[in-house]
Amino acid sequence: MNFYSLNNKAPQVSFKDAVINGIAPDRGLYFPEKIEALPPSFFERIEELSNQEIAFNAIHQFVGDEIPNNHLREILDHVLDFEFPVIEIEENVGTLELFHGPTMAFKDVGARFMAHCLGYFSHGQQNEVTVLVATSGDTGGAVANGFLGVKGVNVVILYPSGKVSDIQERQLTTLGQNITALEVDGTFDDCQKMVKTAFLDENLLEAMQLTSANSINVARWLPQLFYFLFAYKQAKSNGKEIVFSVPSGNFGNICAGLVAQKLGMPVKHFVAATNVNDTVPEFMKTGTYNPKPSTATISNAMDVGDPSNFIRIRHLFQNDLEKLAAHFSSYTFTDSETKNVMKQIYDQYNYVADPHGAVGYLGLKQYLSENKNCYGIFLETAHPVKFLDIVEETIDTTLTLPPQIQKVMSSEKKSIKISEYDELKSFLLKTK
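Conventions and cut-offs
- Residues numbered from 1 in each chain as written.
- Predicted model: local features only at pLDDT ≥ 70, side-chain atom pairs only at ≥ 80, totals over all residues.
- Heavy atoms only, no water.
- Buried < 20%, exposed > 50% of the residue type's maximum accessible area, 1.4 Å probe, protein only.
- Helix = DSSP H or I, 4+ residues; strand = E, 2+ residues; numbered from the N terminus.
- Pairing = 2+ DSSP bridges.
- Contact = heavy atoms within 4.5 Å.
- Salt bridge = Lys/Arg side-chain N within 4 Å of Asp/Glu carboxyl O.
- Core = buried A, V, L, I, M, F, W, Y, C linked by side-chain atoms within 4.5 Å.
- Phe/Tyr/Trp six-rings, centres within 6.5 Å; stacked < 30°, edge-to-face > 60°.
- Patch = residues over 30% accessible without salt bridge, like charges linked within 9 Å, V, L, I, M, F, W, Y side chains within 5 Å.
- Areas by Shrake-Rupley, 256 points an atom, 1.4 Å probe, with all protein chains shown as cover.
- Lys, Arg positive; Asp, Glu negative; His and termini not counted.
- Charge placed at Lys NZ, Arg CZ, Asp CG, Glu CD.

## Here we look at the pairing of strand β13 (residues 374–380)
Link 1 in the chain: When you tally the buried positions in β13, you get seven out of seven residues, the bulk of the element.
Link 2 in the chain: Residues Cys 374, Gly 376, Phe 378 and Glu 380 point to one face of β13 and Tyr 375, Ile 377 and Leu 379 to the other, with burial holding for every one of them.
Link 3 in the chain: Bridge count between strand β10 (residues 241–247) and β13: five bridges; the pairing is parallel. Residue Ile 242 lies in a different strand from β13, and its bridge partner there is Tyr 375.

The following block contains the structure:
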């Protein structure tokens, strides 16, 4: 399997090179040259398969022979060592809980898969690889945990100062070893811009090997399709058409779900639910893509004004808005609406939703109001304790901290403050 740049001005590369490069030389995102549907029999008997077997069948065509089958299966055993349950909330509505991994966020799957792939590719290499990643919340902690101690790989994480939760910040600033956190005076978009600038800096690229662990990297992006298949396996028996509602920021997660649909997964529709950062909902109304500066909200991991992966979604549907709209809708919601529905879900169903999951629930309910005979699944992308102050204040309840969170709360934060790209470049050159 080869991967090509969506800017179409760079050579095609293997899966290995796409993972190591992160982004193409022409600044385009890599995309697989083809997506072959799995046989109908796979979905007919999916409930008979383990999660690891489902994942192997789904990802194998993209990895090809770059990683031997036995080693790929070992990677998947390490990556998928926790549960992905669909929890019934109300009639015809369930939530897919993606927070049972080590950092209690959905990004544990992609981050761990990429870390194992890069570790495999780096084995025996003399030159170290530096993973450069921007985070608006959970990516940093998941990447830090996934790559911690991986030989031959250094990780540098940029995050916006004061715009991630206390727990999120501790998860990416307290590990040490091969993990360094850079605290940026700015927004997530500023962090992401610095990362993209680094990948275009010829002087920097001549001095060191850089790759990205954001969802722009194919090894971070594609494995996210696994848990849509796991959810389908659990919801298939109800006999109704399935709708997924995905709280969306950089749009890699929902894009992976659409790839699962291209693989043949029977699903009626996808809803991208956003906070007030409404670039994509506005595009779906107007057909004009107009990125804007991001706005800070209580669902901070979705505070993205120019989502990188939306170009992949458009490409999946040949940049045809009508074709896209047949499979994909996008709605925007305010912090006030988010808090109100968090309280409603808790009061009516005794379920604690985090702000991102609550936005997903709102999007699902809006779609189901006009599409009655469906089974809807909204994604709970992070454990509610990661947004402790907001959740406890909103539902007026004290939450118990899980062991994974207790461990980081007593650790010392270590970060380096920067405000300009030149400071990032200087730091990277000093560490090469």
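Moving on from the model shown.
## Overview of the side chain of Asn 51
Link 1 in the chain: Counting through the fold element by element, Asn 51 comes out in helix α3 (residues 51–63).
Link 2 in the chain: Judged by its relative accessible area of 18%, Asn 51 is buried.
Link 3 in the chain: With residues up to four places along the chain from it excluded, the contact list for Asn 51 reads Leu 80, Phe 84, Phe 230 and Lys 233.

## Looking at the pattern of salt bridges
Link 1 in the chain: Tallied over the entire structure, the rule returns 14 salt bridges.
Link 2 in the chain: With a closest N to O distance of 3.0 Å, Glu 53 and Arg 73 form a salt bridge. Linking Glu 53 in helix α3 with Arg 73 in helix α4 (residues 69–79), this pair joins segments that are 20 residues apart in sequence.
Link 3 in the chain: The exposure class assigned to Glu 53 is partly exposed, which follows from its relative accessible area of 27%.
Link 4 in the chain: Across the salt bridge formed by Glu 393 and Lys 339, the nearest N and O atoms sit 4.0 Å from each other. Highlighted residues: Glu 393 in helix α18 (residues 388–395) and Lys 339 in helix α16 (residues 335–349), separated in sequence by 54 residues.
Link 5 in the chain: On the basis of relative accessible area, Lys 339 is assigned to the partly exposed category, the value being 29%.

## Focus: the sheet that holds strand β2 (residues 13–14)
Link 1 in the chain: Strand order across the open sheet formed by three strands is β2-β1-β3, with antiparallel pairing between neighbours. Edge strands, defined here as strands with exactly one partner in the open sheet, are β2 and β3 (30–32).

## What about the nonpolar core?
Link 1 in the chain: Among the nonpolar cores identified, the biggest contains 125 residues, and Phe 15, Phe 113, Phe 147, Leu 225 and Phe 328 are the most heavily contacted of them.
Link 2 in the chain: What Phe 15 contacts, discounting residues up to four positions off in sequence, is Met 1, Phe 3, Phe 62, Val 63, Glu 66, Ile 67, Phe 113, Cys 117, Phe 121, Val 218 and Ala 219.
Link 3 in the chain: Listed in part, the 33 residues of the second largest apolar core include Val 243, Tyr 351, Leu 368 and Val 385.

## A few points about the packing of aromatic side chains
Link 1 in the chain: The final tally for this structure, using the stated rule, is 22 aromatic pairs.
Link 2 in the chain: With centroids separated by 6.2 Å and ring planes inclined at 65 degrees, the aromatic side chains of Phe 15 and Phe 121 adopt a geometry described as edge-to-face. With Phe 15 in helix α1 (residues 15–21) and Phe 121 in helix α5 (residues 107–122), this residue pair connects regions lying 106 residues apart in the sequence. Each member of the pair, Phe 15 as well as Phe 121, carries the same accessibility label: buried.
Link 3 in the chain: An aromatic cluster of at least three residues, connected via ring pairs, comprises Phe 82, Phe 84, Phe 113, Phe 226, Tyr 227, Phe 228, Phe 230, Phe 244 and Phe 270.

## Focus: a negative patch on the surface
Link 1 in the chain: A cluster of like negative charges, contributed by Asp 185, Asp 190, Glu 420, Asp 422 and Glu 423, occupies part of the molecular surface.
Link 2 in the chain: Position of Asp 422 relative to the elements: it lies in helix α20 (residues 421–431).

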